[in-house]
Amino acid sequence: MTKPDSRLIEVAIKHLPPSASQLRLLDINGMAGEILAQHRPDIEIIPISGDVSAWHFSENSLDAVVAVEYILNTTFLRAVLPILRHGGRLIVANSRASMDVTQYGTRLEDAGYVRILIED
């Protein structure tokens, strides 16, 4: 897997939740952890890859999920939503996205997300 452009991850950093102590963050495919740790030492980074059906996280156990250069799919979106804490964030940064902004919004709404910010 190729290393992502660090600027893409730095854009994602601004959307991380503020922390009172330590944030628990799931790093999809381990693409962002190294750069995130440099900017936010308050983050416990959990790198993961593979099929979402093999994940074993408790509900409401993560503050954020970061997916860099990851193609969104319904299975992934539905697996992430219950493991995020109230106010948790799914942050997707993809420089090669094939959908337009409206399609992203619709896909997120269909999966149950309610507070959506999409930057183009």
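> Residues and numbers for the layout of surface pockets, please.
Take a probe with the size of a water molecule and roll it over the atoms, and the empty space left behind shows itself. Taken as a whole, the largest pocket spans an internal volume of roughly 1200 Å³. For the largest pocket, the lining is made up of 33 residues, of which Leu 90, Ile 91, Val 92, Leu 117 and Ile 118 are closest to its centre. Among the elements that take part in the lining of the largest pocket, strand E4 (residues 84–93) stands out by supplying 10 residues, more than any other. Broken down by class, the residue content of the lining of the largest pocket amounts to 20 nonpolar, 7 polar and 6 charged.

> Provide a residue-level description of helix H1 (residues 6–13), including the pertinent values.
The set of residues buried in H1 consists of Leu 8, Ile 9, Ala 12 and Ile 13. Axial view of H1: buried residues confined to an arc of 150°, hence all on one face. Summarising the contacts, the buried residues of H1 are in contact with helix H2 (33–39), strand E3 (62–68) and E4.

> Kindly report on the packing of aromatic side chains, identifying the contributing residues and their values.
Centre distance and the angle of the planes are the two values used to describe a pair of aromatic rings. Inspection of every chain in the model, using the stated rule, returns 3 aromatic pairs. The interplanar angle of 85° and the centroid separation of 6.1 Å between the aromatic rings of Trp 55 and Phe 76 together place this pair among those described as edge-to-face. Separated by 21 residues along the polypeptide, Trp 55 in the loop between strand E2 (43–48) and E3 and Phe 76 in helix H3 (residues 74–80) bring together distant segments of the chain. There is no split in this pair, since Trp 55 and Phe 76 are both buried. Look at Tyr 70 and Phe 76: their rings are 4.5 Å apart centre to centre, the planes differ by 45°, and that puts the pair in the tilted class. Across the pair, Phe 76 and Tyr 70 agree in class, each one buried. Among the aromatic residues, ring-to-ring pairing joins Trp 55, Phe 57, Tyr 70 and Phe 76 into one connected group.

Procedures and definitions
- Residues numbered from 1 in each chain as written.
- Predicted model: local features only at pLDDT ≥ 70, side-chain atom pairs only at ≥ 80, totals over all residues.
- Heavy atoms only, no water.
- 1 Å grid on protein atoms, 1.4 Å probe; cavity = no way out; pocket = protein on both sides within 12 Å on 5 of 7 lines; lining within 4 Å.
- Points joined across faces, edges and corners; volume = space filled by probe spheres on them.
- Helix = DSSP H or I, 4+ residues; strand = E, 2+ residues; numbered from the N terminus.
- Nonpolar A, V, L, I, M, F, W, Y, C, P; charged D, E, K, R; others polar.
- Buried < 20%, exposed > 50% of the residue type's maximum accessible area, 1.4 Å probe, protein only.
- Arc of directions from axis to C-beta.
- Contact = heavy atoms within 4.5 Å.
- Phe/Tyr/Trp six-rings, centres within 6.5 Å; stacked < 30°, edge-to-face > 60°.

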